[in-house]
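An overview of the molecular structure
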Amino acid sequence: MISAIVLIKTSVDRIPEIAEQIAALESVSEVFSVTGTYDLIAMVRVSRHEDLAEVIPGRISKIPGVEGTDTHVAFRTYSQHDLEAAFAIGLDN
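Quick notes on the rules
- Residues numbered from 1 in each chain as written.
- Predicted model: local features only at pLDDT ≥ 70, side-chain atom pairs only at ≥ 80, totals over all residues.
- Heavy atoms only, no water.
- Core = buried A, V, L, I, M, F, W, Y, C linked by side-chain atoms within 4.5 Å.
- Buried < 20%, exposed > 50% of the residue type's maximum accessible area, 1.4 Å probe, protein only.
- Helix = DSSP H or I, 4+ residues; strand = E, 2+ residues; numbered from the N terminus.
- Contact = heavy atoms within 4.5 Å.
- Pairing = 2+ DSSP bridges.
- Axes fitted to C-alpha atoms, helices over the stretch in contact; angles between N-to-C directions.

Looking up the chain in an unreviewed UniProt entry gives the name Lrp/AsnC family transcriptional regulator, with the organism given as Streptomyces salinarius.

With that settled, consider the nonpolar core. Counting 20 residues, the largest nonpolar core has Ile-8, Ile-22, Val-44 and Ile-60 as the members making the most contacts within it. For this core, the elements supplying multiple residues, two or more each, are β1 (2–10), α1 (15–23), β3 (40–46) and α2 (49–55). Not counting chain neighbours up to four residues away, the residues in contact with Ile-8 comprise Ile-22, Tyr-38, Asp-39, Leu-40, Ala-42, Ile-60, Val-66, Gly-68 and Thr-69.

Sheets are built from strands that pair by backbone hydrogen bonding, the pairs being arranged parallel or antiparallel. Read from one edge to the other, the open sheet built from 4 strands follows the order β2-β3-β1-β4, with strand pairing classed as antiparallel. With one partner strand each, in any of the chains shown, β2 (28–33) and β4 (66–73) form the two edges of the open sheet. Adjacent strand axes in the sheet meet at a mean angle of 20°, parallel and antiparallel pairs treated alike. Alignment of β1 against β4, held across 7 bridges, turns out to be antiparallel. The residue of β4 that forms the bridge with Ala-4 is Val-73. This element, α1, spans β1, β2, β3 and β4 of the sheet and lies at about 165° to β2.

So this is what it looks like as structure tokens:
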């Protein structure tokens, strides 16, 4: 699984509706409204690198009100859920 963090600049007056449209896309797992330079952050998860082109410039960037994106592809994913699962193996007596 390939994970990408997509920083999204939008029309400020349309953030909620743009976020909902992005969240409805098949490969998008979460969308966060944030402070700072960007307005939204989307977590995209796909099975192949080629699929990133389909989702990010092919779908996200084409949503009306999306002004630009900055994509960061993750090398590895670490989460509390993954760490708990790894350490829980074999600990039951």
